[in-house]
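Descriptive structure summary
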Amino acid sequence: MGARGLKAAVELAPGAARGSSTEGGQAAGQPVVILLGWAGCQDRYLAKYSAIYSQKGCTVIRYSAPWRMIFFSESFGIRSLQTPARRLLELLFDYSIENRPVLFHVFSNGGVMLYRYIIEALHTHKPFKNLKVAGTIFDSAPGRRNLIGALRALATILVSTNVLLKYFLLFAFATTAVVLRILLYPLTRFVHESHYDALLKAPSRWPELYLYSQADAIIKASDIKHMADARQQLGVSVRAVDFSDSAHVSHMRAYPTYYSNLCTTFLADCVGVSPR
């Protein structure tokens, strides 16, 4: 924990040693999986997903951006997540695993916001341009302009907060979102484009897997389907799986075996590593 000032958890694959320029055994060929959690996600929840990959011998990095950055800084157009995005990529060099294929597993819009800046860094910062990204899994994301869904997500995070403070924060977020991200977006997009619109035309071309549900009350299934279709039209290899009745970021809890198999199969297809 606390790598590079981030509250990130790093689980090295067996046989991999921090700071070693050479890796022995199977660890040298195994991918690195970076999990980007949803707003308000606790590491103990994200660790359940990392088990899918650590059991296959992968190194796993887990990180969830602070909810205040997601709901407020980014809503005000402050690119507060740029720094943690770059620091996550720098961890690959810190642990001497920068030559291994990387898979991103992104949860909800909180993870998407961070992922957007990771893509930008991969294509604009010279040290990161040689990183080998194998693919990306999106869980319950991305979504756009769903104010009601965003308020539900924020209310869930604030459930144990003082009632007056809770409603003040909900009102402040709603007001900011309506003014800057909806009413004035035709103008503000030139200063701070929405994360959804940025991903629609992202320069990345590695495979993408979208895991979503019609029953999601936070992110609309139609938003995810639109993104998947748009990315496919750009030549990206895309697969989208509708779980139909599972709630937001709850697909693995509802269908643990199916979910795990989808992730490991996608990983194997992307990097050529057979599930053990």
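Above this note sits the structure.
Attention here is on the structure that accompanies the text.

About the criteria used
- Residues numbered from 1 in each chain as written.
- Predicted model: local features only at pLDDT ≥ 70, side-chain atom pairs only at ≥ 80, totals over all residues.
- Heavy atoms only, no water.
- Buried < 20%, exposed > 50% of the residue type's maximum accessible area, 1.4 Å probe, protein only.
- Helix = DSSP H or I, 4+ residues; strand = E, 2+ residues; numbered from the N terminus.
- Arc of directions from axis to C-beta.
- Salt bridge = Lys/Arg side-chain N within 4 Å of Asp/Glu carboxyl O.
- Pairing = 2+ DSSP bridges.
- Axes fitted to C-alpha atoms, helices over the stretch in contact; angles between N-to-C directions.
- Contact = heavy atoms within 4.5 Å.
- Core = buried A, V, L, I, M, F, W, Y, C linked by side-chain atoms within 4.5 Å.
- Right-handed = clockwise from strand over helix to strand, strands pointing away.
- Parallel < 35°, antiparallel > 145°, perpendicular 65-115°, else oblique.
- Left-handed = near helix turned anticlockwise from the far one by under 90°.
- Nonpolar A, V, L, I, M, F, W, Y, C, P; charged D, E, K, R; others polar.

Further remarks concern helix 5 (residues 147-157). All of the buried residues in helix 5 are Gly 149, Ala 150 and Leu 154. The buried residues of helix 5 occupy one face: seen down the axis, they fall within an arc of 135°. Pointing more than 90 degrees away from the buried face of helix 5 are the exposed residues Ile 148 and Thr 156.

Here we take up the environment of Pro 256. Tracing the sequence through the fold places Pro 256 in helix 11 (residues 256-271). Separated by 207 residues in sequence, Pro 256 and Tyr 49 place their C-alpha atoms 9.9 Å apart.

Okay, the pattern of salt bridges next. The final tally for this structure, using the stated rule, is five salt bridges. Its salt-bridge partner being Arg 144, residue Asp 223 comes within 3.7 Å of it at the nearest N-O pair. Placement of Asp 223 in helix 9 (residues 221-233) and of Arg 144 in the loop between strand 5 (133-139) and helix 5 is noted, with a sequence separation of 79 residues between them. In this structure, the salt-bridge partner of Glu 208 is Arg 231, at a minimum N-O distance of 3.2 Å. Residue Glu 208 is located in strand 6 (residues 208-212), and its partner Arg 231 is located in helix 9; the two are separated by 23 residues in the primary sequence. Judged by its relative accessible area of 2%, Glu 208 is buried. Here the salt bridges share partners, and the residues they tie into one network are Glu 11, Asp 43 and Arg 62.

Here we come to the sheet that holds strand 7 (residues 238-242). The strands making up a sheet associate through hydrogen bonds between their backbones, and the pairing can be parallel or antiparallel. Strands sit in the order 1-3-2-4-5-6-7 across an open sheet of seven strands; the sheet is mixed. Two strands close off the open sheet at either side, each with one partner strand: strand 1 (9-11) and strand 7. Along the sheet, successive strands turn relative to each other by an average axial angle of 15°, direction set aside. In this structure, strand 2 (residues 32-36) lies alongside strand 4 (residues 102-107), joined through five bridges in parallel fashion. Directly across from Val 32, in strand 4, lies its bridge partner Val 102. Against the sheet, helix 1 (residues 43-54) contacts strand 1, strand 2, strand 3 (59-63), strand 4 and strand 5, and its axis sits at roughly 160° relative to strand 3. Packing of helix 9 onto the sheet brings it into contact with strand 6 and strand 7, and relative to strand 6 it is tilted by some 165°.

Counting 61 residues, the largest nonpolar core has Leu 88, Leu 89, Leu 92, Phe 104, Tyr 115 and Leu 122 as its most contacted members. Take this core: its biggest share by element is nine residues, from helix 4 (residues 108-124). In this structure, Leu 122 is in contact with Leu 89, Phe 104, Phe 128, Lys 129, Leu 131, Val 133 and Trp 206, ignoring residues within four places of it in sequence.

The buried fraction of strand 5 amounts to seven of the seven residues, a majority that puts the element mostly inside the structure. Where strand 4 and strand 5 come together, six bridges link them in parallel fashion. Pairing of Leu 103 across the sheet is with Gly 135, part of strand 5. Read as a crossover between parallel neighbours, the route from strand 4 over helix 4 to strand 5 is right-handed. Of the pairings in the sheet, the one linking strand 5 to strand 6 comprises four bridges and is parallel in character. Among the inter-strand pairings, Thr 136 is bridged to a residue of strand 6, identified as Glu 208.

In this section: the packing of helix 3 (residues 82-94) against helix 4. Relative orientation and spacing of two packed helices are given, respectively, by the angle between their axes and the distance between those axes. Where helix 3 contacts helix 4, the axes come no closer than 8 Å and their chain directions differ by 60°. On the basis of the axis angle, helix 3 is oblique to helix 4. Seen from above, helix 3 lies across helix 4 with right-handed handedness. Contact with helix 3, carried on its side by Gln 82, Pro 84, Ala 85, Arg 86, Leu 88 and Leu 89, involves Leu 114, Tyr 117, Ile 118, Glu 120, Ala 121 and Leu 122 of helix 4 and no other residues of that element. The class makeup of the residues in the contact of helix 3 with helix 4 is nine nonpolar, one polar and two charged.

A few words on the environment of Thr 83. In this fold, Thr 83 is placed in helix 3. Under the relative-accessibility criterion, Thr 83 is labelled partly exposed at 33%. Between the C-alpha atoms of Thr 83 and Leu 6, which are 77 residues apart in sequence, the distance is 10.0 Å.

Honestly, that's just the spatial picture; any functional story needs more than this.
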